[in-house]
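Now for the letters of each chain:
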Amino acid sequence: GAGVSQSPRYKVAKRGQDVALRCDPISGHVSLFWYQQALGQGPEFLTYFQNEAQLDKSGLPSDRFFAERPEGSVSTLKIQRTQKEDSAVYLCASSWKGLASYEQYFGPGTRLTVT
Amino acid sequence: QKEVEQNSGPLSVPEGAIASLNCTYSDRGSQSFFWYRQYSGKSPELIMSIYSNGDKEDGRFTAQLNKASQYVSLLIRDSQPSDSATYLCAPKGATDSWGKLQFGAGTQVVVTP
């Protein structure tokens, strides 16, 4: 079946602009995660949703970052007043959280460049 | 001390040889462990999961887990040029019931023909 999809794949924003990144998880997956990956590093956790509930947002680096998943399917990560340090790849992953025990499947990511 | 430690590499492996990747983690309560492969410019791809001490084999991949030593490894047998990638170790934290993963920085593997 279809995997996790993300859009846009690439985004260039001028410093101070707001951006919205979309994630469409695998159908039926309850859990949805956002990660941020800097060049040469492993992904860093940002936030977690179980259905529409945001259960953990401890990884969001500042209050400029906001995520939602209003109907328990598609999720949007919004970054307000972007800064150069926000430049990274933003990865979305989904998981069924059933017998597979937390196996997460990643989308292709959105590469954000803030100029 | 980082929570998940991996040798950054690059690990150069002749084609056909065994690549051995190591990972240590600090959270003693971790119960679930995952290996992801990431090609340059691509997103991580799940290749192995392991939950019990010992070995788990899947094709040319073998994951080894030793919870007492807080150590997990990945062996790639009969390495192929297509195995050239960065391999990420990701334990699930003991206190995270919903599966938040802690990733290492990854080990870059280069398979030379």
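Structure: see above.
In this report, the structure presented in the accompanying data block is examined. What you see is a predicted model; the values in this text were computed from it and never measured.

Rules and cut-offs
Residues numbered from 1 in each chain as written. Chains lettered and ligands numbered in written order. Predicted model: local features only at pLDDT ≥ 70, side-chain atom pairs only at ≥ 80, totals over all residues. Heavy atoms only, no water. Contact = heavy atoms within 4.5 Å. Buried area = accessible area lost by both parts, 1.4 Å probe. Salt bridge = Lys/Arg side-chain N within 4 Å of Asp/Glu carboxyl O. Helix = DSSP H or I, 4+ residues; strand = E, 2+ residues; numbered from the N terminus. Nonpolar A, V, L, I, M, F, W, Y, C, P; charged D, E, K, R; others polar. Disulfide = S-S within 2.5 Å. Buried < 20%, exposed > 50% of the residue type's maximum accessible area, 1.4 Å probe, protein only. Pairing = 2+ DSSP bridges.

**What about the interface of chain A and chain B?**
Taken together, the contacts link 23 residues of chain A with 19 residues of chain B. For the pairing of chain A and chain B, the buried interface totals around 1,700 Å² over both sides, and the portion due to carbon and sulfur atoms is 56%. Linking chain A with chain B are zero salt bridges. Of all the secondary structure elements, the ones that give two or more residues to the side of chain A that touches chain B are strand S4 (31–37), strand S5 (44–50), strand S6 (53–56) and strand S10 (105–106) of chain A. Taken together, the residues of the side of chain A that touches chain B sort by class into 12 nonpolar, eight polar and three charged.

**Notes on the state of the cysteines**
Residues and elements named next belong to chain A. Across all of its chains, the model carries two disulfides over all chains by this definition. There is a disulfide in this structure between Cys 23 and Cys 92, and the S-S distance comes to 1.8 Å. Every disulfide takes its handedness from the sign of the S-S torsion; for Cys 23 and Cys 92 that torsion is -65°, giving left-handed. Taken as a pair, Cys 23 in strand S3 (residues 19–24) and Cys 92 in strand S9 (residues 88–95) lie far apart in primary sequence, 69 residues in all.

**Digging into the pattern of salt bridges**
The full count for this structure, using the stated rule, is six salt bridges over all chains. Between A:Glu68 and A:Lys78 there is a salt bridge whose closest N-O contact spans 3.4 Å. Of the two residues, A:Glu68 is situated in strand S7 (residues 65–68) and A:Lys78 in strand S8 (residues 75–79); the sequence distance between them amounts to 10 residues. Between B:Arg60 and B:Asp83 there is a salt bridge; the shortest N-O distance is 2.8 Å. You can see B:Arg60 sitting in the loop between strand S6 (54–58) and strand S7 (61–66) and its partner B:Asp83 sitting in the loop between strand S8 (71–76) and strand S9 (85–92), a full 23 residues away along the chain. For B:Arg60, a relative accessible area of 27% corresponds to the partly exposed category. Judged by relative accessible area, B:Asp83 falls into the buried class, the value being 1%.

**So, unusual backbone geometry**
Cis geometry marks the peptide bond from A:Ser7 to A:Pro8, where omega comes out at -10°. Within the fold, A:Pro8 resides in the loop between strand S1 (5–7) and strand S2 (10–13). Here the bond from B:Gly9 into B:Pro10 is cis, since omega is 10°, no more than 30 degrees from zero. In this structure, A:Arg81 is a non-glycine residue whose phi angle is positive, near 45°. Relative to the helices and strands, A:Arg81 resides in the loop between S8 and S9. In this structure A:Arg81 comes out as partly exposed when scored by relative accessible area, which is 42%. Positive phi outside glycine occurs at B:Gln70, with the angle close to 55°. Looking at the element boundaries, B:Gln70 is found in the loop between S7 and S8. Assessed through its relative accessible area of 11%, B:Gln70 is described here as buried.

**Points about the pairing of strand S5 (residues 45–50) of chain B**
All names here are of chain B. In terms of residue burial, S5 counts as a mostly covered element, since five of its six residues are buried. Taken together, the five bridges between strand S4 (residues 32–38) and S5 define a ladder with antiparallel strand orientation. From the neighbouring strand, Arg 37 faces S5, where its bridge partner is Glu 45. Where S4 hands over to S5, the hairpin turn is made up of six residues, of which Gly 41 adopts a positive phi near 80°.

**Focus on the pairing of strand S10 (residues 107–112) of chain B**
Residue and element names in this part refer to chain B. Judged by which residues are buried, S10 turns out to be one-sided: Thr 107, Val 109 and Val 111 face inward and are buried, whereas Gln 108, Val 110 and Thr 112, on the alternate face, are not. Relative to S10, strand S2 (residues 11–14) is paired through four bridges, and the arrangement is parallel. Counterpart to Leu 11 in the pairing with S10 is Val 109. Both S9 and S10 contribute to a ladder of three bridges, which runs antiparallel. When the sheet's bridge partners are listed, Thr 86 is paired in S10 with Gln 108.

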